[in-house]
Amino acid sequence: MKNYFLILFVGLSIINTAQAQGHGPIYGLQTPTLAKGGINMNAAGMSIGTEDEASYMLRYTFFYGITEDLQVTLTTPTVIERLENAPRTRGNSMMPSNGDIEAALWYRFFSNAFGVGKRFESTAILGVSAPTEDVRGQVNVGNSVHGAISTGYASRVWYAWLGGGYQYYLEKDNEQLGDLPYASMVIGYRPDIFMGDYPKPDWRIFVESLAEFPGDNKVNGQFFSTDERSKKVLVGPSILGLTGPWGISFGALFPVYRDLIPNTPREKYRVALNISYWL
Amino acid sequence: MKRIALIIVVAVFGTISSNAQITKVDQEVFGMDCAPCAYGLERGLKKMDGIEKVRVSLNDGKAYLDLTANNNLSLKQIQEEVKVNGFSAKNAEVVLEGQLIKEDNALKIKVKNEEYYLTSNTGQSVINSLQPGTVKVRGIVQDEEDGSLTDKWKIKITEIL
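By convention here, each chain's residues receive numbers from 1 onward along its written sequence. The naming scheme follows written order: chains are lettered A onward, ligands numbered 1 onward. Confidence filtering applies because this is a predicted model: local features only for residues at pLDDT of at least 70, side-chain atom pairs given and counted only at 80 or more, and all residues used for totals across whole chains, interfaces and linings.

Draft legend 1. Representation of the overall build of chain A. Within chain A, the secondary structure is distributed over one helix and 17 strands. The size measure is the radius of gyration over C-alpha atoms, and the globule rule it meets is 2.2 Å times the number of residues to the 0.38 power. Its C-alpha atoms give chain A a radius of gyration of 18 Å, near enough to 19 Å, the size a compact globule of 279 residues would have. In terms of overall dimensions, chain A has C-alpha extents of about 60 × 35 × 35 Å along its principal axes. Buried, partly exposed and exposed are defined by the number of other C-beta atoms within 10 Å of a residue's own C-beta, namely 20 or more, between the two limits, and 12 or fewer respectively, with C-beta atoms placed from the backbone. Buried residues in chain A amount to 47% of all 279 residues. Throughout, a residue-residue contact means that the two C-beta atoms, derived from backbone geometry, are no farther apart than 7 Å. Sequence-distant contacts, at least 24 apart, represent 64% of the contacts inside chain A between residues at least 6 apart. Segments assigned H or I by DSSP are reported as helices when at least four residues long, segments assigned E as strands when at least two residues long, and all are numbered from the N terminus.

Following this line, the structure appears as structure tokens:
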């Protein structure tokens, strides 16, 4: 438990000393919402590799801006290869990484645009998910709820986001997947070379980090092996390119710290490619 | 015949002089940082009746608008479009034509349903040059709270056109 708080404290300290927060990471929680009536469609390919196997999945996500501060999202997967023993994780703020269909509301409850290209904003996310498989990692998988909150800073040069979330799976047939508290931090930078004005292409790079604390699964009302949580921190780069209504991002995460409970798969990498189109 | 021609001339001039409108807006936009942001705002503005040309600059943080002749657009409509795109509309440099009216020692320009009150920092030489009636001016419209836009604005006139 001490380690859990230590990781959170270190993460928050780093963020608090950062000069900027951002827009468009692939793994970390973010804050931007669409314009009123705006539509955004995403197609993503993602893979998680463990020491024993790898998963491959395509995912499609639809966003609609109800107002400039409230948007609804729907995401659905095409699973190409599932993991026999899947780690408990989310893909990113927009979508689950496992085979869940998810609907969510994003509410940007705070926004302060205070300069050219500059703004602070905070967004809350609330979603519900339904699995596309009956069993995940030898445990019956039920529906789940997901809530998250993030705050961030955007500018023409620097970006940064800090957020935290929680996913809770409901019990199914006397079995229950472990819950998932997590936190993310992203720092982004747009180098001078990419400062060309609209409509020239717009690129930026991010360093993303994700800390996850998945709980153990329950079988017959009992924890599978322990009531403690795994702890893992992943860090990696990502890049986002935007031109007109199109966006493409690519990123990878690698574990830099882990303290896992028994029977938890050891991840080697996560990679994702996402293509966006704004209608 | 002369009388008819005179009536036509007066009628035409009367129509032109009563054609109060905004013809150009350089709208400052805060909080717009990325290409899709600019794309969305540009598209939203282009859809508005009365917009002839739009250019959005991320680095300037501005939307440059040329309005069509005889348009019915108001500055409030333009700033509301900025707001629904998720950004904050700040000062705007405008070119507008309207009726100069003196009211309780204050000068205002009436452009359709909107009223632009001259600020005290408008140069005295500019104020002295203004004559009641139709005027065409360039000026800086001061920022108002995005959530409580009205039809009343404050303007510093920089040039009489």
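Draft legend 2. Here's a closer look at unusual backbone geometry. A cis amide bond links A:Y198 with the next residue in sequence, A:P199, at an omega value of 10 degrees. Relative to the helices and strands, A:P199 is located in the loop between strand 11 (180-189) and strand 12 (202-212).

Draft legend 3. Examining the interface of chain A and chain B more closely. Of the residues lining the interface, 26 residues belong to chain A; the matching set on chain B comes to 22 residues. Where the side of chain A that touches chain B is concerned, the elements lending two or more residues are strand 4 (100-115), strand 5 (118-131) and strand 15 (231-243) of chain A. Throughout this entry, Asp, Glu, Lys and Arg are counted as charged residues, while Ala, Val, Leu, Ile, Met, Phe, Trp, Tyr, Cys and Pro are counted as nonpolar. The remaining residues, Gly among them, count as polar. A class-by-class count of the residues in the side of chain A that touches chain B yields 10 nonpolar, nine polar and seven charged.

Draft legend 4. Local environment of helix 2 (residues 35-46) of chain B. Multiplying 1.5 Å by the residue count of a helix minus one yields the expected span of that helix. Along its 12 residues, helix 2 of chain B runs 16 Å from first to last C-alpha, staying within 8% of the 16 Å computed at 1.5 Å per residue. Buried within helix 2 of chain B we find B:A35, B:P36, B:C37, B:A38, B:G40, B:L41, B:G44 and B:L45.

Draft legend 5. Region of interest: the nonpolar core. Each nonpolar core consists of buried Ala, Val, Leu, Ile, Met, Phe, Trp, Tyr and Cys residues. Their C-beta atoms, within 7 Å, join them into a set. Residues B:I22, B:V29, B:A38, B:L41 and B:L75 are the most contacted members of the largest nonpolar core, which totals 56 residues. At five residues, the largest contribution of residues to this core is made by helix 2 of chain B. A:Y27, A:A44, A:A211 and A:A272 belong to the second largest nonpolar core, which has 15 residues in total.

Draft legend 6. Region of the structure containing the sheet that holds strand 4 of chain A. Around the barrel, 12 strands lie side by side as 1-2-3-4-5-8-9-11-12-15-16-17 (chain A); this closed barrel has antiparallel pairing. Here the strands of the sheet are splayed against their neighbours by 20 degrees on average, with no regard to which way each runs. A pair of strands counts as paired when DSSP detects no fewer than two bridges linking them. Every axis in this analysis is a line fitted to C-alpha atoms, fitted for helices over the stretch in contact. Angles between the N-to-C directions lie between 0 and 180 degrees.

Draft legend 7. Structural view of the sheet that holds strand 14 (residues 222-223) of chain A. Residue and element names in this part refer to chain A. Across the sheet, three strands lie side by side as 10-13-14; this open sheet has antiparallel pairing. If you trace the sheet from one side to the other, it starts and ends with strand 10 (175-176) and strand 14, each paired once. Direction of pairing for strand 13 (residues 218-219) relative to strand 14: antiparallel, over a ladder of two bridges. Within strand 14, the residue paired with V219 across the bridge is Q222.

Draft legend 8. Highlighting the pairing of strand 11 of chain A. Residues and elements named next belong to chain A. By the criterion of burial, strand 11 is predominantly enclosed, with eight of the 10 residues buried. Note that strand 9 (residues 158-169) and strand 11 share 10 bridges and pair antiparallel. Bridged to W158 within strand 11 is Y189. When strand 11 meets strand 12, the two strands line up antiparallel, connected through eight bridges. By the bridge assignment for strand 12, Y182 is matched with E212.

Draft legend 9. Fine view of helix 3 (residues 75-84) of chain B. Residues and elements named next belong to chain B. Looking only at helix 3, the buried set comprises L75, I78, Q79, E81 and V82. Burial along helix 3 is one-sided: seen end-on, the buried residues are contained in an arc of 150 degrees. G86 sits one or two residues past helix 3 and shows a positive phi near 95 degrees. Taking the helix axis as origin, the arc is that swept by the directions to the C-beta atoms.

Draft legend 10. Spotlight on the environment of A:D134. Residues and elements named next belong to chain A. Structurally, D134 is set in the loop between strand 5 and strand 6 (135-136). It is 9.3 Å that separates the C-alpha atoms of D134 and K172, two residues lying 38 residues apart in sequence. Once you skip the residues sitting within four places of it in the chain, D134 turns out to touch N140 and V141.

Draft legend 11. Local environment of the pairing of strand 15 of chain A. Residue and element names in this part refer to chain A. Where strand 12 meets strand 15, 11 bridges bridge the pair, whose relative direction is antiparallel. Along strand 15, the bridge assignment pairs S209 with V235. Judged from the 11 bridges that link them, strand 15 and strand 16 (residues 246-259) form a sheet pairing that is antiparallel. The partner of V233 across the bridge, within strand 16, is Y257. Adjacent in sequence and paired antiparallel, strand 15 and strand 16 are bridged by two residues, among which G244 carries a positive phi angle near 55 degrees.

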